[in-house]
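# Coordinates in review
Given next are the chains, with one letter for each unit.
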Amino acid sequence: MAGTAPRTASDHAAPHGNDEQAPRPEAASPPLQPGLFDPCSVRQVTLRNRVVVSPMLSYCAEGGHPNDFHLIHYGKLACGGAGLVFVESTKVDPRGCSTPHDLGLWKDDYIEPWRRITRFIKSQGAIPGIQLSHSGRKARRAVPWQGGGPLREWTSVEPGQAWQIIGPSAIAHGAGYSVPHALTQSEIEQCLRDWEHAARRALCAGFEAIEIHGAHGYLIHQFLSPRANLRSDAYGASLAGRMRFAIEVAASVRRSWPADKPLFFRISAVDNAGWTLDDSTVLARELGRAGVDVIDCSSGGMGEESVTNTARPYGYQVGYARHIREQAGVMTMAVGLIAHADQADGIIRAGDADLVALGRELLHNPNWPLDAAHKLGLRKYDHIPKASAYYLEKRAANPAFTPSTWRRGLRQP
Ligand SMILES: Cc1cc2nc3c(=O)[nH]c(=O)nc-3n(C[C@H](O)[C@H](O)[C@H](O)COP(=O)(O)O)c2cc1C
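Our subject in this report is the structure included herewith.

## Looking at the overall build of the chain
Assigned secondary structure in the chain consists of 11 helices and 13 strands. Relative to the compact-globule value of 22 Å for 413 residues, the chain shows a C-alpha radius of gyration of 21 Å, a close match. The principal-axis extent of the C-alpha atoms belonging to the chain is close to 70 × 40 × 40 Å. Long-range contacts, defined here as pairs at least 24 residues apart, represent 75% of the contacts in the chain between residues at least 6 apart.

## Quick look at the nonpolar core
In terms of nonpolar packing, the biggest core is built from 99 residues, with Ile210, Met333 and Val356 touching the most fellow members. The element best represented in this core is helix H3 (residues 185-204), accounting for six residues. Residues in contact with methionine 333, not counting those within four places in the same chain, are Val52, Phe264, Val294, Asp296, Cys297, Ala321, Ala353, Asp354, Leu355, Val356 and Ala357.

## Some words on the pairing of strand S10 (residues 263-268)
Most of S10 sits out of view: six of its six residues are buried. Where S10 lies against strand S11 (residues 294-298), five bridges are found, and the strand directions are parallel. Within S11, the residue paired with serine 268 across the bridge is serine 298. Assessed by its sense of winding, the connection that carries the chain from S10 through helix H6 (residues 277-289) to S11 is right-handed.

## Describing the site of the ligand
In the region of the ligand, 22 residues are neighbours, and Ser54, Met56, Ser89, Gly359 and Arg360 sit closest. The set of elements that each furnish at least two residues to the shell around the ligand consists of strand S4 (84-91) and helix H9 (360-364). A class-by-class count of the residues in the shell around the ligand yields nine nonpolar, nine polar and four charged.

## Some thoughts on the packing of helix H1 (residues 68-79) against helix H2 (residues 111-123)
Think of two packed helices as two axes; the pair is described by the angle between the axes and how far apart they sit. Interaxial distance between H1 and H2 falls to 9 Å at its minimum, and their mutual angle equals 15°. Relative to H2, the element H1 is oriented roughly parallel. Note that H1 runs across H2; the crossing there is right-handed. Mapping the contact onto sequence places His70, Leu71, Tyr74, Gly75 and Ala78 in H1 and Arg116, Ile117, Phe120 and Ile121 in H2. Residues of the contact of H1 with H2, tallied by class, amount to six nonpolar, two polar and one charged.

## A closer look at the packing of H3 against helix H5 (residues 239-256)
Look at H3 against H5: their axes get within 8 Å of each other, and the N-to-C directions meet at 40°. One finds that H3 runs oblique with respect to H5. Like other packed secondary-structure pairs, H3 and H5 cross with a definite hand, here right-handed. Residues Ile188, Leu192, Trp195, Glu196, Ala199 and Arg200 of H3 pack against Phe245, Glu248, Val249, Ser252, Val253, Arg255 and Ser256 of H5. For the contact of H3 with H5, the residue count by class is seven nonpolar, two polar and four charged.

## Some details on the environment of threonine 308
Mapping threonine 308 onto the fold places it in the loop between S11 and helix H7 (318-328). Under the C-beta neighbour-count criterion, threonine 308 is labelled partly exposed, with 14 such atoms within 10 Å. Taking C-alpha positions, threonine 308 is 9.4 Å from arginine 360, a pair spaced 52 residues apart along the chain.

Rules and cut-offs
Residues numbered from 1 in each chain as written. Predicted model: local features only at pLDDT ≥ 70, side-chain atom pairs only at ≥ 80, totals over all residues. Helix = DSSP H or I, 4+ residues; strand = E, 2+ residues; numbered from the N terminus. Rg over C-alpha atoms; globule rule 2.2 N^0.38 Å. Contact = placed C-beta atoms within 7 Å. Core = buried A, V, L, I, M, F, W, Y, C linked by C-beta atoms within 7 Å. Buried ≥ 20, exposed ≤ 12 C-beta atoms within 10 Å, placed from the backbone. Pairing = 2+ DSSP bridges. Right-handed = clockwise from strand over helix to strand, strands pointing away. Near = placed C-beta within 6 Å. Nonpolar A, V, L, I, M, F, W, Y, C, P; charged D, E, K, R; others polar. Axes fitted to C-alpha atoms, helices over the stretch in contact; angles between N-to-C directions. Parallel < 35°, antiparallel > 145°, perpendicular 65-115°, else oblique. Left-handed = near helix turned anticlockwise from the far one by under 90°.

Given below as structure tokens:
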């Protein structure tokens, strides 16, 4: 299913700065492969383009509830032109919150406020998606700008409950972290039901896509990991045993998630703690059989190193998406320091991935898709309000003009 690659990513390696070398908005050459701004259908849902908002915790919730911040934050990302807007890691169980300010979907109270937000995202032509997650032994931490370390004393996000830390085995994530309670078989079954119920609530709330968070050292990744999972029962002991929980979560979510809607699964393709790209390829095939459509290829999170380490090259995880797409025959999404229009377009045209997810670059510029389309020579103003589109189209017709926050050497008349 991976397409041929008449062009390569390097063919698109244009200068990264918004300077005098930025391409002019001339007529685009005929598409050889799907490009960044070609639509993409996953099951019966069609994304207007292949730019996806990567799930990013905003730590702005109280008691797991979405609020006006989430409406504006995700709303502006939809207005900016992305094809699919993934809401941040939202927990299926209050024990699974990374911090006291995570979003939740463990009870029906959350459905109504989300309806307003998903309605708005759809009204702007974007697909609303949500990432479902459980932090397992990495739960109960301070927000990153307060150190991000484990919290010793804290009452649960859900009033009146103790904040128990759970995991596959009684092994702490690292120094200072609590030793988790190792889940029993019946507790695992309850956990699977939590995922299934959260997926049902996501549907009632108006979401059109779900991503299961199986990466970054959180509960599902803990089950996959030979470092965190020392179980000797059916949920451990071998690669197949360690993969069982991930596959059962996918199957549980699929049970309450309609057959016409896409299901994504984020993995850490490699983690420097015993999980390899070959393991990921096997897992991707199994997840495909369990009803997963797109593998979102991230990495890391099992050790101490930050997932958002910046000392990495552009597109440092694209190779994982390419490998899994080719070897497992599933759709993939590339993520990680994808920041430039020609870079992102090149990834799609080369057949490295079906979709690209952007995180920090969209925090920096929520209108990135609008700007990227222009820089690729496309006039894509159909998704913004008519009044804006009318004037921006007229401005774009001037070949001497490049929209930018920075252009060297401009001389005023
Ligand atoms: C503020 C912030 C919050 C994040 N929260 C999540 C999250 O909720 N779920 C997740 O899978 N990844 C999360 N990530 C990782 C991003 O989705 C993304 O994979 C990573 O930032 C690399 O992409 P980028 O270079 O485009 O930012 C977060 C990253 C940032 C910067």
